Amino acid sequence: MSSEPKLLLPDLARQIAEVATLEGEFVLRSGQVSDRYFDKYSFEGLPHILRPLAQAMSALLPAETEIIAGLELGGVPLVTALSLQTGLPAAFVRKEPKSYGTCRAIEGQDLAGRKVVFIEDVISTGGAVADALQLAKQEGADVRAVICAIWRGEGAPAIQAAPELPVYPVFTRSDLEAPFDDQASEMERQ
C-alpha cells in the first residue's frame, strides 16, 4: 500500500491538461482536424501523473479481467503502470505483426480464451482499437472492454467499428478543456 496521498481526479485532469494540451492545427489518426491536441507522451513519462492515472484506470477494470493489453505505442506505458498497480499480466499489441523473431502482433501473453481489456491513451473514433480487436480475435482473445486515459471523441464513448465494445475513459475532452475554459473566463473578467 502506497503512503502517497491520492490525487483527486479534477487535480489529475488539470495536471494532464497543463502538460499535454497543445494549441494549433493537428490532423488526428482518424483524419479529423483539431485545434487542440493532447500530447500523451508529455504526461505518460511523468511518474507523478502516470501513477495516479494507473490508479484511476484500475478502478475501471471489469472484475473478470485476466489480461490487460496495451496498444502500440501510447498504451504501452499505461498498461505497464496498470500491471504494476493491479498485478494483472500485461500484453503489448503491435499495429501489425513484426516480420522477424516471433512474427506476432501481440506480445507478452497468450490471449487465447482469456478475458482481455485493451488499454489505450487517447481515443477519438477508435480506429486503432478496431484494428487491435481484429488481431486479438485472430489469437482467440475474449476482449471485454477498452479503458482509455482520454476520450476526445464526439458523444458517448464508443468504437465506431465495434460499437458493442464498452469504452471506459478516465477523462473526456471536456474534463481536460475545463482548465483552459476557466483560464479564459478569468482573463475575460479582468
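Look up a bit, the structure's there.
Structural notes, computed from the coordinates.

Further remarks concern the overall build of the protein. A count of helices and strands for the protein gives 6 helices and 8 strands. Each helix and strand of the protein, placed in order from N terminus to C terminus, yields the pattern α-β-β-α-α-β-α-β-β-β-α-β-β-α. Since a compact globule built from 190 residues should have a radius of gyration of about 16 Å, the 17 Å found for the protein is in line with a globular shape. Taking the principal axes of the C-alpha coordinates as reference, the protein spans close to 60 × 45 × 30 Å. Within the protein, the fraction of its 190 residues that count as buried is 43%. In the protein, 60% of the contacts between residues at least 6 apart in sequence involve partners at least 24 apart. Carbon and sulfur atoms form 51% of the exposed surface of the protein, whose accessible area is close to 9,900 Å². Within the protein, the 27 negative side-chain charges are centred at a point lying 6 Å from the centre of the 17 positive side-chain charges.

Ranked by internal contacts, the top residues of the largest apolar core, which has 31 residues, are Ile16, Leu53 and Ile119. Broken down by secondary-structure element, the contributors of at least two residues to this core are helix H1 (9-20), helix H3 (47-58), helix H4 (75-86), strand S6 (115-123), strand S7 (142-151) and strand S8 (167-172). The element best represented in this core is H3, accounting for 6 residues. Once residues lying within four places of it in the same chain are set aside, the contact partners of Leu53 are Leu12, Ile16, Phe43, Leu78, Ala149, Val170 and Phe171. By size, the runner-up hydrophobic cluster in this structure holds 26 residues, among which are Ile106, Phe118, Ala136 and Ala141.

This paragraph deals with the packing of H1 against H3. In helix packing, the relevant descriptors are the interaxial angle and the interaxial distance, both defined with respect to the helix axes. Where H1 meets H3, the closest approach of the two axes is 11 Å, and the angle between their N-to-C directions is 135°. By the criterion of interaxial angle, the relationship of H1 to H3 is oblique. For H1 against H3, the interelement crossing comes out left-handed. Here Leu9, Leu12, Gln15, Ile16 and Val19 of H1 lie close against H3, whose contacting residues are His48, Ile49, Pro52, Leu53 and Ala56.

This part takes up helix H5 (residues 127-138). Spacing of three or four residues puts side chains on the same side of an α-helix, whose turn is 3.6 residues. The terminal C-alpha atoms of H5, which comprises 12 residues, lie 17 Å apart, in line with the 16 Å expected from a rise of 1.5 Å per residue. Here H5 has its buried residues at Val129, Ala130, Ala132, Leu133, Leu135 and Ala136. Where H5 is buried, its residues contact strand S3 (67-71), strand S4 (90-93), strand S5 (106-107), S6 and S7. Positive phi shows up at Gly140, right after H5, with a value of about 85°.

About the cut-offs
Residues numbered from 1 in each chain as written. Predicted model: local features only at pLDDT ≥ 70, side-chain atom pairs only at ≥ 80, totals over all residues. Heavy atoms only, no water. Helix = DSSP H or I, 4+ residues; strand = E, 2+ residues; numbered from the N terminus. Rg over C-alpha atoms; globule rule 2.2 N^0.38 Å. Buried < 20%, exposed > 50% of the residue type's maximum accessible area, 1.4 Å probe, protein only. Contact = heavy atoms within 4.5 Å. Areas by Shrake-Rupley, 256 points an atom, 1.4 Å probe, with all protein chains shown as cover. Lys, Arg positive; Asp, Glu negative; His and termini not counted. Charge placed at Lys NZ, Arg CZ, Asp CG, Glu CD. Core = buried A, V, L, I, M, F, W, Y, C linked by side-chain atoms within 4.5 Å. Axes fitted to C-alpha atoms, helices over the stretch in contact; angles between N-to-C directions. Parallel < 35°, antiparallel > 145°, perpendicular 65-115°, else oblique. Left-handed = near helix turned anticlockwise from the far one by under 90°. Expected span 1.5 Å × (residues − 1).

Scope: geometric values only; no functional claims are made or implied.
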